[in-house]
Amino acid sequence: MLKFSFNDTMKLCMAVVLLVGCASANAAVTRDYDAIATKAARFFHYREWTNAAAMYELMIEDSAKVCDTYAHAIVTAGMRNLPDYEMSLLERAR
């Protein structure tokens, strides 16, 4: 029969928790671009500019080549009266 000390048991428990935590973190990184685009369009339609801006920023992170995303993000920044952010988006859109 194997005997484990309290420290060995704690080390094993910590290792299991870390493995499960890492696996969960990797699973949470993937995002559904279409779901985010749907949310962004809904926020934009209902003039919820802050939420729309957050969704467009996520979309730009995932797919920086989509022109429509930049256009909506720039309009959203304008509606929030953030000219510096508008210019930043315009420069990033090139």
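Residues numbered from 1 in each chain as written. Predicted model: local features only at pLDDT ≥ 70, side-chain atom pairs only at ≥ 80, totals over all residues. Heavy atoms only, no water.

Colleague: Help me understand the overall build of the protein, please; the structure alone is not making it clear to me.
Modeller: Helix and strand counts for the protein stand at five helices and zero strands. Ordered by position in the sequence, the α and β elements of the protein form the string α-α-α-α-α. When each of the 94 residues of the protein is scored for burial, the buried share is 17%. Of the contacts made within the protein by residues no fewer than 6 positions apart, 39% connect residues no fewer than 24 positions apart. When the accessible surface of the protein is split by element, carbon and sulfur atoms take 63% of a total near 7200 Å². (Helix = DSSP H or I, 4+ residues; strand = E, 2+ residues; numbered from the N terminus. Buried < 20%, exposed > 50% of the residue type's maximum accessible area, 1.4 Å probe, protein only. Contact = heavy atoms within 4.5 Å. Areas by Shrake-Rupley, 256 points an atom, 1.4 Å probe, with all protein chains shown as cover.)

Colleague: Explain unusual backbone geometry here, please?
Modeller: Most peptide bonds adopt trans geometry, and most residues besides glycine take a negative phi value. Here the phi dihedral of Arg-47 falls at roughly 60°; this positive angle occurs in a residue that is not glycine. Along the chain, Arg-47 falls in the loop between helix H2 (33-45) and helix H3 (49-62). The backbone of Asn-81 sits at a positive phi, close to 60°, despite the residue not being glycine. Summarising the element assignment, Asn-81 is placed in the loop between helix H4 (67-79) and helix H5 (83-92). You can call Asn-81 exposed: its relative accessible area is 63%.

Colleague: Explain the packing of aromatic side chains to me, please; I cannot follow it from the model alone.
Modeller: The geometry of an aromatic ring pair comes down to the distance between the two centres and the angle between the two planes. Across all of its chains, the model carries two aromatic pairs by this definition. Note on Phe-44 and Trp-49: the rings are 5.3 Å apart at their centroids and 80° apart in plane angle, and the pair reads as edge-to-face. Measuring from centroid to centroid gives 6.4 Å for Phe-44 and Tyr-56, while their planes differ by 75°, and the two rings are edge-to-face. Taken together, the residues Phe-44 in helix H2 and Tyr-56 in helix H3 connect sequence positions 12 residues apart. Members of the aromatic cluster, connected to one another through ring pairs, are Phe-44, Trp-49 and Tyr-56. (Phe/Tyr/Trp six-rings, centres within 6.5 Å; stacked < 30°, edge-to-face > 60°.)

Colleague: Would you mind going over the side chain of Thr-76 with me for this structure?
Modeller: Looking at where Thr-76 falls in the secondary structure, it is placed in helix H4. Its relative accessible area of 0% is what places Thr-76 among the buried residues. Here the side chain of Thr-76 touches His-72 through a polar contact of 2.7 Å, landing on its backbone oxygen. Excluding anything up to four places from it in sequence, Thr-76 contacts Phe-44, Trp-49, Ala-52, Ala-53 and Tyr-56. (Polar contact = N/O pair within 3.5 Å; in protein donor to acceptor, adjacent residues only side chain to side chain.)

Colleague: Is there a simple way to think about the pattern of salt bridges in this case?
Modeller: Counted by the stated rule, this structure contains three salt bridges. Of the charged contacts, one joins Asp-62 and Arg-31 as a salt bridge, the two residues approaching to 2.8 Å between their closest N and O atoms. Of the two residues, Asp-62 sits in helix H3 while Arg-31 sits in the loop between helix H1 (6-29) and H2, which places them 31 residues apart along the sequence. Classification of Arg-31 by relative accessible area gives partly exposed; the value is 37%. With a shortest N-O distance of 2.9 Å, Glu-57 and Arg-92 are connected by a salt bridge. Residue Glu-57 is found in helix H3, and its partner Arg-92 is found in helix H5; the two are separated by 35 residues along the sequence. By relative accessible area, Glu-57 is classed as partly exposed at 22%. Beyond isolated ion pairs, a larger network of salt bridges with shared partners links Arg-31, Glu-61 and Asp-62. (Salt bridge = Lys/Arg side-chain N within 4 Å of Asp/Glu carboxyl O.)

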